[in-house]
Amino acid sequence: MGEVGTPGSAPGPERAHELLERRQQALCKYLDASADIASTRIRANLTGWKRWLHHLPGAPVATALNRRDALQRDLAVHGVGADDHRWGVLSGAYVRSLGTAVCLEVTLAELIERYEPAAPHWVRQLRVVDAAVERVRPLAATGDRAVVVELTEQVLAVTRAAPDDAARQQLSDHLPGVLRPIPADIEALRRSTPLVEVDFEIYADTVKLDGITVNPELRGAGLGTATLQHLCRAADAQHLHIVGQLVPTFRDDDSAVPMLAEWCRKHGFTVNERLGGRIARTPSSVQK
């Protein structure tokens, strides 16, 4: 049980390093383009006569602005502004196997198009969030974490106000695991999507967790951890124990089981590596 990769996929640390490197490259290009706009405007102002010529379509200032705007879209594609190895509203990456980026902006665009006729008031709220995330990414990447807290609160608000469970689930997937709304029925957390698979069965007062499988291209971003946190919170709310067995498939060396065991312990599981890697978690409502 754990964050599982496909055979031959890059180990977690290597994949995480690749994500962070692309994120840094996207940010550097954007900051360079922003600086170029400022210098271009200064040069235009210094020319004095007919400075407005520099702002016409195809002129230096307009060209610099267009380049900056194109690079700003790349900030979303590479999850610029997100916390390293921790899933949140700014997390994301381009997933080659899907041919698209996994990020909040893509989800917002899909929801706006789908729900505008039926839920126009809610869609107006989504547009506000969409404008906010565009502004927040470069600020967060340069150290302003307060704006991330504000954006997270906005996303949580529109998630709770979603017109149906499908829309609520899509937005919830972008929230940290400790903030995702808990469904009335824990069965709703069983998933099988191209991004993450959650496989479990419920017996009396126990959840038998068979696995949490994360798309190999998103490993290292914290999605598996957020998914497990959400499941644990839902189990706590319904006073359910969680049991399972460590069967790592994301790597085949001797460190696999200890790594997975440590991951489970961080989320309140007791682990017995000698008995086939059995794990168990008591709900917070039950005294240990």
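Each remark here, short or long, concerns the structure printed above.
Attention here is on the structure that accompanies the text. Predicted model only: the values in this text are computed from it and were never measured. (Residues numbered from 1 in each chain as written. Predicted model: local features only at pLDDT ≥ 70, side-chain atom pairs only at ≥ 80, totals over all residues. Heavy atoms only, no water.)

### Quick notes on the packing of aromatic side chains
Put simply, the rule is: In summary, the pairing rule links any two rings of Phe, Tyr or Trp, Trp by its six-membered ring, whose centres are within 6.5 Å, and it sorts them by plane angle into stacked for under 30 degrees, edge-to-face for over 60 and tilted for everything else. Exposure categories follow from relative accessible area, calculated using a 1.4 Å probe and restricted to protein chains: below 20% of the type maximum is buried, above 50% is exposed, and the middle band is partly exposed. Sitting over a ring, as applied to charges here, requires NZ of Lys or CZ of Arg to be within 6 Å of the ring centre and within 35 degrees of the ring normal.
Using the criterion set out here, one finds one aromatic pair in the structure. Their ring planes at 85° and their centres at 5.5 Å tell us that Tyr115 and Trp122 sit as a pair that is edge-to-face. No difference in accessibility class separates Tyr115 from Trp122, as the two residues are buried. Between Arg190 and the ring centre of Phe200, over which it is positioned, the NZ or CZ distance is 4.6 Å.

### Some thoughts on the pattern of salt bridges
Which entries qualify depends on this criterion: Basic side-chain nitrogens of Lys or Arg form a salt bridge, by our definition, when they fall within 4 Å of a carboxyl oxygen of Asp or Glu. The numbering of helices and of strands both runs from the N terminus, where a helix is a DSSP run of H or I of at least 4 residues and a strand a run of E of at least 2.
On inspection of all chains with the given rule, the structure shows eleven salt bridges. Between Asp173 and Arg191 there is a salt bridge, and its shortest N-O distance comes to 3.0 Å. Of the two residues, Asp173 sits in the loop between helix H6 (165–172) and strand E4 (191–192) while Arg191 sits in strand E4, which places them 18 residues apart along the sequence. The structure contains a network of salt bridges with shared partners spanning Glu187, Arg190 and Glu201.

### Here we look at the nonpolar core
Cut-off, in case you're wondering: Put simply, buried Ala, Val, Leu, Ile, Met, Phe, Trp, Tyr and Cys residues joined by side-chain atoms within 4.5 Å make one nonpolar core. Whether two residues are in contact is decided by their heavy atoms, any of which lying within 4.5 Å being enough.
Of all hydrophobic cores here, the largest spans 33 residues; its most connected members are Ile186 and Ile242. Aside from chain neighbours lying at most four places away, what touches Ile242 is Val207, Leu209, Leu231, Cys232, Ala235, Phe269, Ile279, Ala280 and Arg281. If you look at the next biggest cluster of nonpolar residues, it comprises 27 residues, including Leu104, Leu108, Leu111 and Trp122.

### Describing the state of the cysteines
Rule in force here: Here, the term disulfide refers to a pair of cysteine sulfur atoms separated by no more than 2.5 Å.
Counted according to the given criterion, the structure contains zero disulfides. Cys264 carries a free sulfur, and the closest cysteine sulfur to it, the one in Cys232, is 8.8 Å from it.

### Observations concerning the packing of helix H3 (residues 104–115) against H6
Spelled out, the test is: Helix axes are fitted to C-alpha atoms over the stretch in contact, other axes to C-alpha atoms as well, and angles between N-to-C directions run from 0 to 180 degrees. Angles are sorted into four bins: roughly parallel if under 35 degrees, roughly antiparallel if over 145, roughly perpendicular if 65 to 115, and oblique for all others. The hand of a helix crossing depends on one turn: near helix anticlockwise from the far one by less than a right angle means left-handed, and clockwise means right-handed. Gly counts as polar in this scheme, as do all residues outside two lists: the nonpolar Ala, Val, Leu, Ile, Met, Phe, Trp, Tyr, Cys and Pro, and the charged Asp, Glu, Lys and Arg.
Remark: H3 packs on H6, axes separated minimally by 10 Å, with the N-to-C direction vectors making an angle of 165°. In terms of axis orientation, H3 runs roughly antiparallel to H6. Taken as a pair, H3 and H6 cross one another with a handedness that is left-handed. Between H3 and H6, the contacting residues are Leu104, Thr107, Leu108, Glu110, Leu111, Arg114 and Tyr115 on the first element and Ala166, Ala167, Gln170 and Leu171 on the second. Taken together, the residues that form the contact of H3 with H6 break down as seven nonpolar, two polar and two charged.

So far we have only geometry, and geometry alone does not tell us how the molecule works.
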